[in-house]
Amino acid sequence: ASGAGADPGRAGSTARPASAAAAERAERKELQRLERQIDRAADREAALNEDLAANATDYEKLTELGAQLRLLQAEKASLEERWLDVASSLEA
């Protein structure tokens, strides 16, 4: 039983740097994931802008596309804000 008690003590002393490294890896992976999502959102935004231009005379379609664009821009802003938070925590 005392041997089992010693193992967590050793694991705890080495877990700090390992957990810090694991946290950093996780943050870097999240940055990459967020970058991909931001890129996809930018692509969708460009496509919506093209659709808006192509449907300039269709009021109903413009209204629908405009609503989609506003939602997408809000989503993209949220992703960018999260990216900034994660990036700043990596620099700290």
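Data block above holds the structure.
On a predicted model such as this, the values are computed, not experimentally measured, just so you know.

## Concerning the nonpolar core
Link 1 in the chain: Listed in full, the seven residues of the largest apolar core are Leu31, Leu34, Ile38, Leu79, Val86, Ala87 and Leu90.
Link 2 in the chain: Elements that contribute at least two residues to this core include exactly α1 (2-54) and α2 (59-91).
Link 3 in the chain: Sorting elements by how many residues they give to this core places α2 first, with four residues.
Link 4 in the chain: Residues in contact with Leu90, not counting those within four places in the same chain, are Glu24, Glu27, Arg28 and Leu31.
Link 5 in the chain: Counting residues in hydrophobic clusters, the runner-up holds six residues, among them Ala41, Leu48, Leu52 and Leu69.

## Quick word on the pattern of salt bridges
Link 1 in the chain: Applying the stated criterion across every chain yields a total of six salt bridges.
Link 2 in the chain: A salt bridge links Glu30 to Arg33; the nearest nitrogen and oxygen atoms lie 3.3 Å apart. Here Glu30 and its partner Arg33 are both found in helix α1, three residues apart, which amounts to about one turn of the helix.
Link 3 in the chain: With a relative accessible area of 35%, Arg33 lands in the partly exposed category.
Link 4 in the chain: One salt bridge in this structure joins Arg44 and Glu75, with 3.3 Å as the shortest N-O distance. Of this pair, Arg44 sits in helix α1 while Glu75 sits in helix α2, placing them 31 residues apart in sequence.
Link 5 in the chain: The partly exposed category is assigned to Glu75, whose relative accessible area is 40%.
Link 6 in the chain: Shared partners join several salt bridges into a network, and the residues in it are Glu30, Arg33 and Arg82.

## Things to note about the side chain of Lys76
Link 1 in the chain: One can find Lys76 in helix α2.
Link 2 in the chain: Assessed through its relative accessible area of 17%, Lys76 is described here as buried.
Link 3 in the chain: Among all residues touching Lys76, those that are not within four sequence positions of it are Ala41, Ala42 and Glu45.

So, how was this worked out
Residues numbered from 1 in each chain as written. Predicted model: local features only at pLDDT ≥ 70, side-chain atom pairs only at ≥ 80, totals over all residues. Heavy atoms only, no water. Core = buried A, V, L, I, M, F, W, Y, C linked by side-chain atoms within 4.5 Å. Buried < 20%, exposed > 50% of the residue type's maximum accessible area, 1.4 Å probe, protein only. Helix = DSSP H or I, 4+ residues; strand = E, 2+ residues; numbered from the N terminus. Contact = heavy atoms within 4.5 Å. Salt bridge = Lys/Arg side-chain N within 4 Å of Asp/Glu carboxyl O.

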